[in-house]
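# Secondary and tertiary structure notes
Each chain, letter by letter, is given below.
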Amino acid sequence: MKKTTLFLSFIFCSISLFAQEIENRFQFGARAGINFSTITGDDFEDPNSRTSFYAGLVAETFVTEKFALQGEVFYSGQGFDIEETTFAGVTVTPEAEFQIDYIQVPLLAKIYLIEGLNIHAGPQFGFKINEEIDTDPTGDGGDFDTDRIKDFDFQLAAGAEFKFAKSFFIQARYTYGFSEVVEDTDAHNSTFSAGIGFMF
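A brief structural summary. (Residues numbered from 1 in each chain as written. Predicted model: local features only at pLDDT ≥ 70, side-chain atom pairs only at ≥ 80, totals over all residues. Heavy atoms only, no water.)

## A look at empty space enclosed by the protein
Spelled out, the test is: A cavity here means a set of points on a 1 Å grid, drawn over the protein atoms and nothing else, where a 1.4 Å probe fits but cannot get out; a pocket is an open set with protein on both sides within 12 Å along at least five of seven lines, and a residue lines either one if it has an atom within 4 Å of a point. Grid points are joined across faces, edges and corners, and a volume is the space filled by probe spheres set on the points. A run of DSSP states H or I qualifies as a helix once it reaches four residues; a run of E qualifies as a strand once it reaches two. Both are numbered from the N-terminal end. Note that Gly is not counted as nonpolar here; it falls among the polar residues with everything else outside the nonpolar set of Ala, Val, Leu, Ile, Met, Phe, Trp, Tyr, Cys and Pro and the charged set of Asp, Glu, Lys and Arg.
Scanning the model with the defined rule gives one cavity of 30 Å³ or more in all. Of the pockets and cavities examined, the largest cavity occupies roughly 100 Å³. The wall of the largest cavity is formed by 14 residues, among which Phe-74, Gln-124, Thr-175, Thr-191 and Ser-193 lie closest to the centre. Broken down by secondary-structure element, the contributors of at least two residues to the lining of the largest cavity are β1 (26-40), β3 (67-82), β10 (168-177) and β11 (188-199). In the lining of the largest cavity, the residues fall into two nonpolar, 10 polar and two charged.

As structure tokens, then:
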């Protein structure tokens, strides 16, 4: 009986330590914030940025105490604002907003410089879910769908983050798209984002 009790106690302690280790190594959470996005390239004359938002899920795993890997899946509203111009063969009226929405999937390497503060970078894969031009962004109506934006965008993301008590965090990030937004044009996504999040 005594041996059984000791054995069960050992098993219980081992499971508890393993669960604690798993909890310490893996974290799941959510993040959301604001996007300032635009298009860069020789085929555009300084378009204005579009202000939108992002929101999604986060999973982080610690490889060492100072190094972690993070995967995310999130919605990202992107695009740009333009005055009267021609974009990919379409003449757009003044004060138009070109809306390009993606599901973004970044895979990031994170280096913790001090407790709570990390820098991170890695590839990001964007899957277009919507595109339209709003020719009346301050009023009702004026939207029409287009089909000129490529469905996939390969990007590089880099940023900084600070965690409070390993739960709540704030972050800023810049993302640049290496893929052509429209085929055979020098146009690339460029997005600065800032937001908050919480690890469960």
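## Overview of a nonpolar patch on the surface
Keep this limit in mind: Like-charged residues are merged into a patch within 9 Å and nonpolar side chains (Val, Leu, Ile, Met, Phe, Trp, Tyr) within 5 Å, provided each residue has over 30% relative accessible area and no salt bridge. Only the protein chains shown count as covering a residue, and every accessible area follows the Shrake-Rupley method with a 1.4 Å probe. For this analysis, a salt bridge means a side-chain nitrogen from Lys or Arg found within 4 Å of a carboxyl oxygen belonging to Asp or Glu.
Together, Phe-26, Phe-28, Phe-164, Phe-168, Ile-170, Ile-196, Phe-198 and Phe-200 make up an exposed nonpolar region whose accessible area comes to about 820 Å². Counting residues per element, the ones that place at least two in the nonpolar patch are β1, β10 and β11. Counting through the fold element by element, Phe-200 comes out in the segment after β11.

## Observations regarding the environment of Tyr-54
Operational definition: N or O atoms within 3.5 Å of each other form a polar contact, as long as, within protein, one can give a hydrogen and the other can take it, and as long as residues adjacent in sequence are counted only when both atoms are side-chain atoms.
Take Tyr-54: it is sitting in strand β2 (residues 48-62). Residues Tyr-54 and Ile-103, spaced 49 residues apart in sequence, show a C-alpha to C-alpha distance of 9.5 Å. One polar contact links the side chain of Tyr-54 to the main-chain amide nitrogen of Gly-195, over a distance of 3.4 Å.

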